[in-house]
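Here is what each chain is made of, one letter per residue.
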Amino acid sequence: MGASRGVIAVFGGGGFIGSHLCQRLIDQGKSVVAVDIDSEKIANLLSEDSFTFHEADITDEENDELCREVIKEADVVFDLIAYANPQQYVDKPLEVVELNLFENLKIVDLCEETDTRLIQFSTCEVYGLLGNRDDIVFSEDSSNLILGPIEDQRWIYSCAKQLLERMVHAHGQENQLQYTIIRPFNFIGPQMDYLVESPDEGTPRVFASFMSALLFDHPMYLVNGGTNRRTFTYIEDAIDAIMLILRNEGGQFDREIVNVGHPNNEVTIEEFANRMRTIYAELSPDGTLPELRTISGEEFYGEGYDDSERRIPDTDKLQSAGWEPRYSLEDLLTESIQYYIDQFESELDVQP
């Protein structure tokens, strides 16, 4: 590693995970430089003396020098930039690969060139269809990565992220890049994705999709009956884990891949929807609930959609470093739903 520069760079700092990460870093007295195409979710940080924001699109070549300077001045680079929505994988696969692989490789190359530690965000989707087998607990270092056929376009995101991981690993082997790769497992919480007043406006990920339906009274769609199972992690637990990885005491996360998820918060998507409905009915002023409607994956996402049945993380690496998740499924849903109810009511109060 080069000399200490005292700065942490967060590419994708204006997104869901990035906004929470930047807030925690600032709260802990760090100097942060964030790069993203939008600052709405970090508007409260813009006036902080220790926070610098660059509104920039890394796909624009005019910003190449900016990226170089940001990375050159940083001790650690977090790379969170990605398309991360199943609808995008089906609708614009070439853009997904361009951003999630090739544009991210520019950041990897610059970290190697400037001797800067990289914390690269990947995805639990690299495990692919492994959860359809008996070995449903995913180990970072021993589980196989199994994808569907080429015509199932949904796996192009997983494939791009997996190749990015392999390139980061290769840079570590051949060029001594110091890195840690994080594989998130369904982070949930305030400022996640976007809400839609109508299904015609888009298809956010599952929590935001269901939250939109609850607030705006359109159907909660259970894709393929909602039988697939997922584990959900509250964003505060996730940030706790990320900060532990950042501290990297004793170099325990050097050149490691780390699952970040809550293995005990597994639930079917149908049960997830019903738990959200129960909690919403208790918290909402009117408590009215939309209909639940089953829909095929092809009808909801388009041709080329596929999915795995289960995804459970092995979290031994984090737990051996002292991390334990604090939020149960009930807790994280209550916290997240209350946030969106409060936000929705606040917006209604200011409308003429």
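Residues numbered from 1 in each chain as written. Predicted model: local features only at pLDDT ≥ 70, side-chain atom pairs only at ≥ 80, totals over all residues. Heavy atoms only, no water.

Caption draft 1: A look at the state of the cysteines. Counted by the stated rule, this structure contains 0 disulfides. Cysteine Cys124 shares no disulfide, and the gap to the nearest cysteine sulfur, in Cys159, comes to 16 Å. Residue Cys124 is classed as buried on the basis of its relative accessible area of 3%. (Disulfide = S-S within 2.5 Å. Buried < 20%, exposed > 50% of the residue type's maximum accessible area, 1.4 Å probe, protein only.)

Caption draft 2: Layout of a negative patch on the surface. A cluster of acidic residues, Asp57, Asp60, Glu61, Glu62 and Asp64, forms a negative patch on the protein surface. Positionally, Glu62 belongs in the loop between β3 (51-55) and α2 (64-72). (Patch = residues over 30% accessible without salt bridge, like charges linked within 9 Å, V, L, I, M, F, W, Y side chains within 5 Å. Areas by Shrake-Rupley, 256 points an atom, 1.4 Å probe, with all protein chains shown as cover. Salt bridge = Lys/Arg side-chain N within 4 Å of Asp/Glu carboxyl O. Lys, Arg positive; Asp, Glu negative; His and termini not counted. Charge placed at Lys NZ, Arg CZ, Asp CG, Glu CD. Helix = DSSP H or I, 4+ residues; strand = E, 2+ residues; numbered from the N terminus.)

Caption draft 3: Fine view of the nonpolar core. Formed by 62 residues in total, the largest nonpolar core has its most connected members in Phe78, Phe207 and Met211. Broken down by element, the residue count for this core peaks at 9 residues, all from helix α7 (residues 235-247). Phe207 has contacts with Ile188, Met192, Phe272, Met276, Leu333, Ser336, Ile337 and Tyr340, leaving out every residue within four places of it along the chain. One finds Ala56, Leu99, Tyr179 and Ile181 within the second-largest nonpolar core, a separate group that totals 33 residues. (Core = buried A, V, L, I, M, F, W, Y, C linked by side-chain atoms within 4.5 Å. Contact = heavy atoms within 4.5 Å.)

Caption draft 4: Seen up close, helix α4 (residues 93-114). Taking 1.5 Å per residue as the helical rise, α4 with its 22 residues ought to reach 32 Å, and the 31 Å between its terminal C-alpha atoms agrees with that figure. Of all the bends found along α4, the most pronounced is centred on Leu99 and spans about 30°. (Expected span 1.5 Å × (residues − 1). Bend = angle between axes of the 7 residues up to and from the residue.)

Caption draft 5: Just the pairing of strand β2 (residues 31-36), in detail. By the criterion of burial, β2 is predominantly enclosed, with 5 of the 6 residues buried. Note: strand β1 (residues 7-11) against β2, 5 bridges, orientation parallel. Across the sheet, Val10 pairs through a bridge with Ala34, a residue of β2. In this fold, β1 hands off to helix α1 (residues 16-27), which returns the chain to β2; that crossover is right-handed. Pairing of β2 with β3, which is carried by 5 bridges, proceeds in the parallel orientation. Within β3, the position partnered with Asp36 by the bridge is Glu55. (Pairing = 2+ DSSP bridges. Right-handed = clockwise from strand over helix to strand, strands pointing away.)

Caption draft 6: View of the pattern of salt bridges. Considering all chains together, one arrives at 19 salt bridges under this definition. In this structure, the salt-bridge partner of Asp307 is Arg230, at a minimum N-O distance of 2.5 Å. One end of the pair, Asp307, is in the loop between α9 (297-301) and β15 (312-313); the other, Arg230, is in strand β10 (residues 229-231), with 77 residues separating them in the sequence. In this pair, the class of Asp307 matches that of Arg230, namely buried. Members of the salt-bridge network, linked through shared partners, are Arg24, Glu236, Asp237, Asp240 and Arg326.

Caption draft 7: Quick look at the side chain of Glu165. Relative to the assigned elements, Glu165 resides in helix α5 (residues 156-175). Residue Glu165 is classed as buried on the basis of its relative accessible area of 6%. Discounting chain neighbours no more than four positions away, the residues touching Glu165 are Ser122, Val126, Ile181, Arg183 and Ile257.

Caption draft 8: Region of the structure containing the pairing of strand β7 (residues 179-184). Counted residue by residue, β7 has 6 buried out of 6 residues, so it is predominantly covered. The pairing of strand β5 (residues 117-121) with β7 spans 4 bridges and is classified as parallel. Within β7, the position partnered with Ile119 by the bridge is Thr180.

Don't take any of this as a statement about function, it's just geometry.
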